[in-house]
Amino acid sequence: MARPVYRPRLPGNAESIPVFLQIARQIARDIQARVLRPGSALPGSRELSRSLGVHRNTALAALGELSAQGWIQTRPRRGTFVSDSIPDRAPRRSARQVSLPGPSPSPSPSRQLELPDSPPPEPFPAFGSDVLPLVGGTPDFRLVPSAELARAFRRALARAPRLLGYGSEYGDPRLRSVLAAQLRDARSLAVDADGLMITRGSQMALFLLGRALVRPGCVVAVEGVGYRPAWESLRLSGARLLPLPVDAQGLSLDALEKLLERERVAALYTTPHHQYPTTVTLSASRRLRLLALARRHGFVVIEDDYDHEHHYDGRPVLPLASVDPDVVAYVGTLSKVLAPGLRLGYLAARPEIIERAARTRSYVDRCGDQLMERAVAELIEDDWLGRHVRRVRREYHARRDALVSELGRRLGGALSFRVPEGGMALWAKVTARGVSSEAWAARALERGVL
């Protein structure tokens, strides 16, 4: 008897998403749900295109997307199969419910705030106009069409002058609504306006999450090389941070499992899309394994998706929160596509986490910049922001290629690096003998390059 041909079922209400991406996402969902198991054979591009009634190039694009994200692998002369590295068990909804710690104890008047032993290094240091900044992750604010932004700001003020008063600690309702719709369409997040909070940049979202999830003495796992300001935000809430190694596939899940054997972990902070600063992407098998561990051990995954839009080779990898929003608190930002000075970030999480974060925010920042939030909401509705993102993505892609080309031509004997699939930074190692990276940086600054 011939084996039945697998045929993905496509949603009927996703006209705004390219067909190849609909196909790829549905196959990925079927892999996660174990409709397709590790090692299962997939139909070839001709068979897939015929069964779905699409052009073969569409089927090829869908399979290429799945391969780039690590869901499938092609074996020469044998065919296409679900990756063997995908764990054989999916995250189960019936597993242990992720619990939140009890409310914070009332602060004593005599108790002093415990600050970190030393301030974190300034991630985006100030510099004069005579210095060329090569600081990883800093967007070029000169690319923002300021005239259009100013017009949107004036329109928002003229139409709703009440925005000059106090607003909601959750953020502008209109921006929350349009942003939630965008996250549903573009990133498959099952989120609505009630599960979303607008913050002053992603750094505020991380600070509020620390207050919502962490109590003094709680263990929070972090990537062994990572974003120090995020670590310090968690440490300010009393967290005990324990580092985990990062390799070519991202965060080490073997190390996490060993940590879970000896410690009760309250949360894990990770940058899975483009790990900061190494730029590697967490593999598909590790993403599923991480979510399964979070379910089993009852900790929250803090997913910092700080530069989702800046992915150049294929489509961006879907967030962890798109697979299991119950265990993931998702942090994003608009600062990387607009400008850092606008301070626009957001947090998507379970309602009780959002409520806790909002309570804390109400004491330190009654509301955000309502006028700016409403202006950006209008820019999203008009697809101005979408067009802007597509334009700057092409620009940063070209800049990445130019940097890689020049580094290879001029410093190929001194540096070793992997070309990142996205992001606005490159992680390089000095390989030349007798060369100090610290001395190199100091000499570069003397020559006007930061």
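The model shown is predicted, which means the values in this text are computed figures rather than measured ones. (Residues numbered from 1 in each chain as written. Predicted model: local features only at pLDDT ≥ 70, side-chain atom pairs only at ≥ 80, totals over all residues. Heavy atoms only, no water.)

Asks: Any details on the overall build of the protein? Residues and values, ideally.
Replies: Looking only at helices and strands, one finds 13 helices and 14 strands in the protein. Within the protein, contacts between residues at least 6 apart in sequence are counted, and of these 72% link residues at least 24 apart. If you sum the accessible surface of the protein, you get close to 22,400 Å²; carbon and sulfur atoms cover 52% of it. (Helix = DSSP H or I, 4+ residues; strand = E, 2+ residues; numbered from the N terminus. Contact = heavy atoms within 4.5 Å. Areas by Shrake-Rupley, 256 points an atom, 1.4 Å probe, with all protein chains shown as cover.)

Asks: I'd like a rundown of the pairing of strand E4 (residues 196-199), residues and numbers included.
Replies: Side chains of E4 alternate between two faces, with Leu196 and Ile198 and Met197 and Thr199 buried alike. Across four bridges, the pairing between E4 and strand E12 (residues 345-348) is antiparallel. Its bridge partner being in E12, Ile198 is matched across the sheet by Tyr346. (Buried < 20%, exposed > 50% of the residue type's maximum accessible area, 1.4 Å probe, protein only. Pairing = 2+ DSSP bridges.)

Asks: Run through the sheet that holds strand E6 (residues 240-244), naming residues and quoting values.
Replies: Taken together, seven strands build an open sheet; the order of strands is E4-E12-E11-E10-E9-E5-E6 and the sheet is mixed. This sheet does not close on itself; its edge strands, each paired only once, are E4 and E6. Sheet twist, expressed as the mean angle between neighbouring strand axes with direction ignored, is 20°. Bridge count between strand E9 (residues 265-270) and strand E10 (residues 300-304): four bridges; the pairing is parallel. The residue bridging Leu268 from the neighbouring strand is Val301, located in E10. (Axes fitted to C-alpha atoms, helices over the stretch in contact; angles between N-to-C directions.)

Asks: Give me the packing of aromatic side chains: which residues, what numbers.
Replies: All told, the structure shown has two aromatic pairs when counted by the stated rule. Each ring, one from Tyr227 and one from Tyr276, has its centre 5.2 Å from the other, and the planes form 80°; the classification is edge-to-face. Here Tyr227, found in the loop between strand E5 (219-223) and helix H7 (228-236), pairs with Tyr276, found in the loop between E9 and helix H9 (284-297); they are 49 residues apart in sequence, far enough to count as distant. Taking relative accessible area as the criterion, Tyr276 reaches 23% and is therefore assigned partly exposed. Measuring from ring centre to ring centre gives 6.0 Å for Tyr276 and Tyr306, while their planes differ by 80°; the resulting arrangement is edge-to-face. A residue pair is termed long-range when its members are at least 10 positions apart, and Tyr276 in the loop between E9 and H9 and Tyr306 in the loop between E10 and strand E11 (328-333) qualify at 30 residues. (Phe/Tyr/Trp six-rings, centres within 6.5 Å; stacked < 30°, edge-to-face > 60°.)

Asks: An account of the sheet that holds strand E3 (residues 79-82) is requested, with residue identities and associated values reported.
Replies: The three strands are arranged E1-E3-E2 in an open sheet whose pairing can be described as antiparallel. The open sheet terminates on both sides in strands that have one partner only, identified here as strand E1 (41-42) and strand E2 (72-75). Sheet analysis places E2 next to E3, joined by four bridges and oriented antiparallel. Following the sheet pairing, Thr74 is matched in E3 by Thr80.

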